[in-house]
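As a plain string of letters, each chain reads:
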Amino acid sequence: MNSNPHSTVIETTKPRLSVEFWIAIYAIAVSLIPPAFAFIDDSVAAVFRHFAADAFIYLAVAAKSQFGHYTFDGVEPTNGFHPLWQMTLQLVFQVFDLSADKVRQLYASYWLSVILTTVGSVLTVQTVFRWTKSYPTALLAVPGLFGLAMLLCDWPTGSLWSFMNGMESAFSFLSIGLLLFFLSHSTRLPLVGDETVDRRSLLMLSVLCTVMVFSRLDDIFLPAVLTAWLVLRRDAPVSKRFEAVLWFCIPLAGTLLAYFAFNLATVGHAMPVSAAAKFDLRTPLINIGFLGSSLHALVPNLLYDPFGENTGNVGITAVNWRNAQLLVPIVAARLLLSRLHWLDLGNGTHFHVWMRLLLIYVMTKGIYNFLFVPLIHQGNWYFVLSITIINLAGAVALLRGLRHVLARRVALNKALLPTIGAITAASLALFIHDRQTTAEADRYIAMFKHGPAITEKLKSTVQEPRILEADDGILNFALGVPTKSAFKFAIDPKAYTAFREGRFLSEAARRGYQLIGSLYYLRSATPEDLTPETIPDTLRENLYSATDWDLDDFDFELVLQDEATGAVFIRFTPKR
């Protein structure tokens, strides 16, 4: 007791850390554990085991470009990439003078991917908690149920850490995190009413959608869905709906027009060459063929080949995860749309309204990819938004269902926390294991290490060697000789025109190229496959673009099949 009545007793209480703080720490820890420990264990190998094959296209372009002039071969311009990631990489390389230091290029790209994905994770869990006020739901959304299912099936896509792939995925994940965070914190429906239009929210939504689209251009379907929603609303007059659409579309449309104009002025092709190259009216039939050609196509690898002994059927396992990442989000979105009341939180938020629009986007994107993008081109970076949306909606639907079973919320939290911990631990363990046993990554690591020696062998065999790379950028990155893409995704418009006219090799020979090089796609070629007589058929069977080459106009000769890496280099010379 205080004996002095005139004294003042000040009681202090230690401030408690908020739930938002702890779930943010959880998201940071979960995101960083695999890449940080892998980097500490073996830095260069860690990068290769996280990176997608196409990441080396971005690295090659960033190393050879100047701001405003993007090139794969160091000479001819190209725009076959998603702009935000490519421009960021090129800017980092230029500012920090990394163009000649390949190891630091790898590290910079790796940690950029890791940091952007980590920020996206924090935004996602904060968004879910803001909407649901349930920290188990927030924790369940990251790393997410979709990624765990894919990892259990031994499929290399869909997990949080697969977004750290040296490509645009990290920016895509960050952009959907930013959009969700904004929707949960700043918007109040309706955006358009009888007399008012929420211009500020519409402009901000447009800016965030612009970031999303420039992260990955085919995600234009999300702002398209939002635009259609504004147009088709029945609770506002036509004039107000038109005004709302105008405010929403101005930033995005203006930025897209500027991008197309820049492409036209610098490359001579307004649309990305990669997008034009993938368009094929036969695509639906091709994808249906992939889907129906084998019962194995949707069977998890662990059931189809539990002991990993069936190494000869690489095509089947490659189709497995592509079918899953394309079809599972479509099916899940359709199911959730038919049970939208599962996503009505009943707390005054408009979560179910936004989720309906996002789920419509998931279906639209999936159907578009099935109809217009050959399945074999759909890598694990195509569906970052769809996977994130399904993770979020699935977590909410699952928790709402469990609350009907468990009467008390405290009991629910106590029951779920060990489950969430087990899901997180299993996801971490499975991903770390997969990254330690990736044969493709080991092949790329070997090429990087032996690149200088292979360069010297080529220079001693061929005068001033110039390579058409029938791979995804790794030869350009690892070798010290002029290298041009033999695929349509990273070439210039003139070469693309030559592709379409069936004279690609003739155009390459005119530019001084005399070798076809491949590390991955000719990995299974035997000496019998690489004789002058059999090389044309081997190229047609193994390189999906070679079917359109003018192979009959050239003679072929094996120059080098490197023992350390398996890389193949074939000379092509015009027939006399």
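Everything numeric in this text was worked out from a predicted model, so none of it was measured.

What counts, and where the lines are drawn
- Residues numbered from 1 in each chain as written.
- Predicted model: local features only at pLDDT ≥ 70, side-chain atom pairs only at ≥ 80, totals over all residues.
- Heavy atoms only, no water.
- Core = buried A, V, L, I, M, F, W, Y, C linked by side-chain atoms within 4.5 Å.
- Buried < 20%, exposed > 50% of the residue type's maximum accessible area, 1.4 Å probe, protein only.
- Contact = heavy atoms within 4.5 Å.
- Salt bridge = Lys/Arg side-chain N within 4 Å of Asp/Glu carboxyl O.
- Helix = DSSP H or I, 4+ residues; strand = E, 2+ residues; numbered from the N terminus.
- Pairing = 2+ DSSP bridges.
- Axes fitted to C-alpha atoms, helices over the stretch in contact; angles between N-to-C directions.
- Patch = residues over 30% accessible without salt bridge, like charges linked within 9 Å, V, L, I, M, F, W, Y side chains within 5 Å.
- Areas by Shrake-Rupley, 256 points an atom, 1.4 Å probe, with all protein chains shown as cover.
- Parallel < 35°, antiparallel > 145°, perpendicular 65-115°, else oblique.
- Left-handed = near helix turned anticlockwise from the far one by under 90°.
- Nonpolar A, V, L, I, M, F, W, Y, C, P; charged D, E, K, R; others polar.

J.: Looking at this structure, how should I read the nonpolar core?
T.: In globular proteins that are soluble, nonpolar side chains generally tend to be buried together. Counting 178 residues, the largest nonpolar core has Leu106, Leu505, Leu539, Trp549 and Phe556 as the members making the most contacts within it. Not counting residues up to four positions away in its chain, the partners in contact with phenylalanine 556 are Leu505, Ile516, Pro532, Ile535, Pro536, Leu539, Leu551, Ile570, Arg571 and Phe572. Counting six residues, the second largest nonpolar core, distinct from the first, contains Phe214, Leu252, Leu256 and Tyr259.

J.: I'm lost on the pattern of salt bridges in this one. Help?
T.: For side chains bearing opposite charge, pairing can occur when the charged atoms are close. With the rule as written, the count across this model stands at 19 salt bridges. Here glutamate 507 makes a salt bridge to arginine 510, at a shortest N to O gap of 2.7 Å. Here glutamate 507 pairs with arginine 510, and both are found in helix 22 (residues 504-510), just three residues apart, close to one helical turn. Of the residues examined, glutamate 507 reaches a relative accessible area of 9% and is grouped as buried. When salt bridges with common partners are traced through the structure, they connect Asp73, Lys484, Asp492, Glu501, Arg503, Glu507, Arg510 and Arg511 into a single cluster.

J.: Please explain the sheet that holds strand 1 (residues 467-469) as it appears in this structure.
T.: Either a parallel or an antiparallel arrangement is found when strands of a sheet pair, and the pairing is made through backbone hydrogen bonds. Strand order in this open sheet of five strands is 2-1-3-5-4, and the pairing throughout is mixed. Sheet topology places strand 2 (483-485) and strand 4 (554-561) at the edges, where each strand pairs with a single neighbour. Taking each pair of neighbouring strands and ignoring which way they run, the sheet shows an average axis angle of 30°. As paired strands, strand 4 and strand 5 (residues 568-574) are joined by seven bridges and run antiparallel to one another. Bridged to phenylalanine 554 within strand 5 is proline 574. The strands that helix 23 (residues 535-542) touches are strand 3 (515-518), strand 4 and strand 5; relative to strand 4, the one it contacts most, it runs at about 75°.

J.: What is the right way to look at a nonpolar patch on the surface in this model?
T.: Together, Phe21, Trp22, Ile25 and Ile28 make up an exposed nonpolar region whose accessible area comes to about 370 Å². Mapped onto the elements, isoleucine 28 comes out in helix 1 (residues 19-41). Residue isoleucine 28 is classed as partly exposed on the basis of its relative accessible area, which comes to 33%.

J.: What is the right way to read the packing of helix 1 against helix 5 (residues 102-132) from this model?
T.: A pair of packed helices is characterised by two quantities: the angle between their axes and the separation of those axes. Running from N to C, helix 1 and helix 5 point in directions that differ by 155°, and their axes come no closer than 9 Å. When the interaxial angle is binned, helix 1 and helix 5 end up roughly antiparallel. In this structure, the crossing between helix 1 and helix 5 has a hand that is right-handed. Taking contact as the criterion, the partners of Val19, Glu20, Ile23, Ala24, Ala27, Ile28, Ser31, Leu32, Pro35, Ala36, Ala38 and Phe39 in helix 1 are, on helix 5, Tyr107, Tyr110, Trp111, Val114, Thr118, Ser121, Val122, Val125, Gln126 and Phe129. Its residues assigned to classes, the contact of helix 1 with helix 5 comprises 17 nonpolar, four polar and one charged.

Purely spatial values, then, with no claim about function.
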